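# Coordinate analysis (summary)
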Amino acid sequence: MSLDTPTLHTARLRLRPFDDTDANALFALHSSAHVLRYWDAPPWSERARAERFIRACRTMAEEGTGARLAVDRVSDGVFIGWCSLTRWNPDYRSASMGYCFDDAAWGHGYATEAGRGLLQWAFDTLDLNRVQAETDTRNAASARVLEKLGFVREGTLRQDCIVNGEVSDSWVYGLLRREWRPTSEPAA
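Quick look at the structure, then. All residue numbers here refer to positions counted from 1 along the written sequence of the relevant chain. With pLDDT at 70 or above as the cut-off, local features in this predicted model cover only qualifying residues; side-chain atom pairs require 80 or more to be listed or tallied, and sums for whole chains, interfaces and linings still use all residues. In computing side-chain values, all of the structure's heavy atoms are included and hydrogens and water are not.

## Quick word on the state of the cysteines
A pair of sulfur atoms, both from cysteines and within 2.5 Å, is called a disulfide here. Within this structure, the stated rule accounts for zero disulfides. Just so you know, Cys57 is unpaired, no disulfide at all, and the nearest cysteine sulfur is the one on Cys83, 11 Å from it. Among the residues examined, Cys57 registers a relative accessible area of 7% and is labelled buried. To sort residues, take the accessible area from a 1.4 Å probe on protein chains only and compare it with the maximum for the residue type: under 20% means buried, over 50% means exposed, and anything in between is partly exposed.

## What to know about the nonpolar core
For our purposes a nonpolar core is just a set of buried Ala, Val, Leu, Ile, Met, Phe, Trp, Tyr and Cys residues, chained together by side-chain atoms within 4.5 Å. Leu15, Leu85, Met97, Leu119, Leu128 and Phe151 are the most contacted members of the largest nonpolar core, which has 37 residues in total. Put simply, the parts of the chain that give this core at least two residues each are strand 2 (13–17), strand 3 (67–73), strand 4 (79–89), strand 5 (94–101), helix 3 (110–124), strand 6 (130–136), helix 4 (140–148) and strand 8 (166–176). For this core, the leading source of residues is helix 3, giving eight residues. The contacts of Leu128, once residues within four sequence positions are left out, are Leu85, Trp88, Arg93, Ser94, Ala95, Ala122, Phe123 and Arg177. Formed by 15 residues, the second largest nonpolar core is a distinct cluster that contains Phe18, Val35, Leu36 and Trp44. In this text, helices come from DSSP runs of H or I with a minimum length of four residues, and strands from runs of E with a minimum of two, each type numbered from the N-terminal end. Only heavy atoms enter the contact rule, under which two residues are in contact if any of them lie within 4.5 Å.

## Focus: the pairing of strand 2
We call two strands paired when DSSP finds no fewer than two bridges between them. Looking at chain direction, strand 1 (residues 8–9) and strand 2 are connected through two bridges and run antiparallel. Bridge pairing in strand 2 places His9 opposite Arg14. In the sheet, strand 2 pairs with strand 3 via five bridges, with the strands oriented antiparallel. Along strand 3, the bridge assignment pairs Pro17 with Leu69.

## Considering the side chain of Asp22
Locating Asp22 in the fold gives a position in the loop between strand 2 and helix 1 (23–30). Residue classification places Asp22 among the buried residues on the basis of a relative accessible area of 5%. In protein, a polar contact means a hydrogen-donor-capable atom and an acceptor-capable atom, both N or O and within 3.5 Å, with residues adjacent in sequence counting only if both atoms are side-chain atoms; elsewhere, any N or O pair within 3.5 Å suffices. At 2.8 Å, the side chain of Asp22 and the backbone nitrogen of Asp19 are in polar contact. Residues in contact with Asp22, not counting those within four places in the same chain, are Arg16, Pro17, Ile54 and Ala70.

## Quick word on the pattern of salt bridges
Salt bridges are identified by distance alone: a Lys or Arg side-chain nitrogen within 4 Å of an Asp or Glu carboxyl oxygen. On inspection of all chains with the given rule, the structure shows 15 salt bridges. Between Asp76 and Arg73 there is a salt bridge, with its nearest N and O atoms 2.9 Å apart. Judged by relative accessible area, which is 44%, Asp76 ranks as partly exposed. A single salt-bridge network, built from bridges that share partners, covers Arg14, Arg16, Asp19, Asp22 and Asp72.

## Side note on the environment of Glu46
Summarising the element assignment, Glu46 is placed in the loop between helix 1 and helix 2 (48–63). The class of Glu46 is partly exposed, set by a relative accessible area of 39%. As a C-alpha pair, Glu46 and His30 span 16 residues in sequence and 10.0 Å in three-dimensional space. If we skip the residues at most four places from it in the chain, Glu46 touches Phe27 and Arg52.

## Quick word on the packing of helix 1 against helix 2
Following both chains from N to C, one finds helix 1 and helix 2 inclined at 110°, their axes separated by 8 Å at the closest point. Relative to helix 2, the element helix 1 is oriented roughly perpendicular. Here helix 1 and helix 2 pass one another in a crossing that is right-handed. Contact with helix 1, carried on its side by Ala23, Leu26 and Phe27, involves Ala50, Glu51, Phe53 and Ile54 of helix 2 and no other residues of that element. To get an axis, fit a line to the C-alpha atoms, keeping to the stretch in contact for a helix; angles then go from 0 to 180 degrees between the N-to-C directions. To sort the angles, those under 35 degrees are grouped as roughly parallel, those over 145 as roughly antiparallel, those from 65 to 115 as roughly perpendicular, and the leftovers as oblique. Here a crossing is called left-handed whenever its near helix is offset anticlockwise from the far helix by less than a right angle, and right-handed whenever the offset is clockwise.

Spelled out as structure tokens, the structure:
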């Protein structure tokens, strides 16, 4: 079963399927050691990786396992990153959320805004009951994004990654449909 990759709109962002013209911007994003300092894979060193990533996005949609969306700023049309729902399981009504944004976009609330738009689609259209996310325990900014979206930290995966040769832990977060607050901060 395929999964149609949507185009979603928020106040400042457009989330859309990747196309071949995104390869240069995607390569610039994923070749930045600063952006990927908490990522579980090294920065890209060849542009062909971007082309493979875009093909993998299409395959994921065709196979019905998830959707990765490019994120553009509406004001100028500039690509600022991407967000995704992967490991979509319609039987369990669950998926995993991920995202990566250019460092020039950090601190402006774009990741939270894009995440909110993606989660709205996940809960309304895909009828998900649970969305999971993971972040390196050293990545406080990513943890704040997840918490603003209403995710609850559920545990720690000890020494589950090696990032730049350094063993690191990850926090596991979960968000249930009944906890989802689409337009505001999480309930107290």
